[in-house]
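Survey of secondary and tertiary structure
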Amino acid sequence: MLELKDIQKSFGEVQVLNGINLRLEKGLVYTLKGGNGSGKTTLINIISGFLEPTQGIVAFKGKKIARFAPYRVNRLGIGRTFQDLRLAIQLTVYENILLALEKKMFAYSNKEQEKRIDAILEKVSLSEKRNELAGEISYGQQKLLTIGCCMANNADLLLIDEPVAGIDKDNQLKIISLIHQLKEEGKTILQIEHNNAYIDATSDQIFQLEKGVVVC
Ligand SMILES: Nc1ncnc2c1ncn2[C@@H]1O[C@H](COP(=O)(O)OP(=O)(O)OP(=O)(O)O)[C@@H](O)[C@H]1O
Ligand SMILES: [Mg+2]
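Residues numbered from 1 in each chain as written. Chains lettered and ligands numbered in written order. Predicted model: local features only at pLDDT ≥ 70, side-chain atom pairs only at ≥ 80, totals over all residues. Heavy atoms only, no water.

Regarding the pairing of strand β8 (residues 188-192)
- Counted residue by residue, β8 has 5 buried out of 5 residues, so it is predominantly covered.
- Note: strand β7 (residues 157-161) against β8, 5 bridges, orientation parallel. If you follow Leu-158 over to β8, its bridge partner there is Ile-189. (Buried < 20%, exposed > 50% of the residue type's maximum accessible area, 1.4 Å probe, protein only. Helix = DSSP H or I, 4+ residues; strand = E, 2+ residues; numbered from the N terminus. Pairing = 2+ DSSP bridges.)

This is how it looks when you write it as structure tokens:
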């Protein structure tokens, strides 16, 4: 599904990633752990096209994608969330998912898209919040909404940056069950998390990032 070979990334003099080699198989949930500033988000930014690696190969389904623009990577089947959410807070929950759809037509949606968006809202437990502004739902619900946006294009590989950091127990449980459901649908997930209970409940394999390399 995804292969990373010798990924290196420096910002000026600072070498953050120093030769990352990883292989992700379809249908499994992988968790990337590591201290603050160890380069976890940087790695997701590289896979999703938001940053170019200084060196190395990113291959998705056998295709080299390392210097593709983010929208091209997304269209190939890689979705992502952002650690700092990046929702359109003045738009409704429904409109945020609509914006994330690849084949949207301006701000309007056709019946087929509407069905698809409502199905996603159901999965992320936000049907009742459909017409509320994204800026006015709770932080845990906003995290669920970012995962909904990430699911909008039917991506096969979901990159999820700290899904449960700072959220209440109830929404944590909803996210755990959502990850299980996505896995059952055959999705591959690479997530970043620190929360051990969440990691134990969701992960097939854990990678530890230290000093720019994966140590286990
Ligand atoms: N675009 C950038 N320009 C310059 N430096 C950057 C950039 N992005 C990240 N860095 C630096 O790279 C290092 C790794 O950052 P990154 O955000 O990948 O860490 P992280 O492991 O996700 O940390 P956290 O657990 O705090 O989210 C940090 O020192 C950060 O300041
Ligand atoms: Mg981070």
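Structure's up, so let's keep going.
Looking at the pattern of salt bridges
- Counted by the stated rule, this structure contains 12 salt bridges.
- Across the pair Arg-86 and Asp-84 runs a salt bridge whose closest N-O atoms are separated by 3.0 Å. The pair Arg-86 / Asp-84 is uniform in exposure class, with both members exposed.
- The shortest N-O distance in the salt bridge between Lys-123 and Glu-185 comes to 2.8 Å. Of the two residues, Lys-123 sits in helix α4 (residues 111-123) while Glu-185 sits in the loop between α6 (169-184) and β8, which places them 62 residues apart along the sequence.
- A single network of salt bridges, built from pairs that share partners, joins Lys-111, Glu-114, Asp-118 and Arg-130. (Salt bridge = Lys/Arg side-chain N within 4 Å of Asp/Glu carboxyl O.)

Examining the packing of helix α3 (residues 93-100) against α4
- With their axes 10 Å apart at the nearest point, α3 and α4 run at an angle of 115° to one another. As α3 runs across α4, the sense of the crossing is right-handed. Every residue of α4 that contacts α3 at Val-93, Tyr-94, Ile-97 and Leu-98 is listed here: Gln-113, Glu-114, Ile-117, Asp-118, Ile-120 and Leu-121. (Axes fitted to C-alpha atoms, helices over the stretch in contact; angles between N-to-C directions. Left-handed = near helix turned anticlockwise from the far one by under 90°. Contact = heavy atoms within 4.5 Å.)

A few points about the coordination of the magnesium ion (ligand 2)
- The magnesium ion (ligand 2) binds to the protein through Thr-41 (OG1) and Gln-83 (OE1), with metal-donor distances spanning 2.0 to 2.2 Å. One end of the pair, Thr-41, is in helix α1 (residues 40-47); the other, Gln-83, is in the loop between β6 (78-80) and α3, and 42 residues separate them in sequence.
- For Gln-83, a relative accessible area of 37% corresponds to the partly exposed category. (Donors = N, O, S within 2.8 Å, 3.2 Å for Na, K, Ca; no water.)

With respect to unusual backbone geometry
- Of note in the backbone geometry, Ser-125 takes a positive phi value of approximately 60° without being a glycine.
- Structurally, Ser-125 is set in the loop between α4 and α5 (139-151).
- Residue classification places Ser-125 among the partly exposed residues on the basis of a relative accessible area of 35%.

What about the packing of α5 against α6?
- Put simply, α5 and α6 touch, their axes get as near as 9 Å, and they point 15° apart. Comparing their axes, α6 and α5 come out roughly parallel. α6 is crossed by α5, and the crossing has left-handed handedness. Every residue of α6 that contacts α5 at Gly-140, Gln-141, Lys-143, Leu-144, Ile-147 and Met-151 is listed here: Asn-171, Lys-174, Ile-175, Leu-178 and Leu-182.
- Here the residues of the contact of α5 with α6 sort into 6 nonpolar, 3 polar and 2 charged. (Parallel < 35°, antiparallel > 145°, perpendicular 65-115°, else oblique. Nonpolar A, V, L, I, M, F, W, Y, C, P; charged D, E, K, R; others polar.)

Remarks on the sheet that holds β6
- Taken in spatial order, the 6 strands line up as β6-β7-β8-β3-β9-β10 in an open sheet, and their pairing is mixed. The open sheet is flanked by β6 and β10 (213-214), the only strands paired with a single partner.
- Sheet analysis places strand β9 (residues 205-210) next to β10, joined by 2 bridges and oriented antiparallel. Within β10, the residue paired with Glu-210 across the bridge is Val-213.
- Set on the sheet, α5 makes contact with β6 and β7; between it and β7 the angle comes to about 155°.

Considerations on the packing of aromatic side chains
- Going through the model one piece at a time under the given rule, you end up with 2 aromatic pairs.
- Ring plane angle 0° and centroid distance 5.6 Å describe the contact between Tyr-30 and Phe-207, whose orientation is recorded as stacked. Of this pair, Tyr-30 sits in strand β3 (residues 29-34) while Phe-207 sits in strand β9; the two residues are 177 residues apart in sequence, bridging distant segments of the chain.
- A relative accessible area of 1% places Tyr-30 in the buried class.
- Accessibility expressed as a relative area gives 5% for Phe-207, which makes it buried.
- Geometry around Phe-68 places Arg-72 over its ring, the cationic atom sitting 3.7 Å from the centre.
- Geometry around Phe-50 places Arg-80 over its ring, the cationic atom sitting 4.7 Å from the centre. (Phe/Tyr/Trp six-rings, centres within 6.5 Å; stacked < 30°, edge-to-face > 60°. Lys NZ or Arg CZ within 6 Å of the ring centre and 35° of its normal.)

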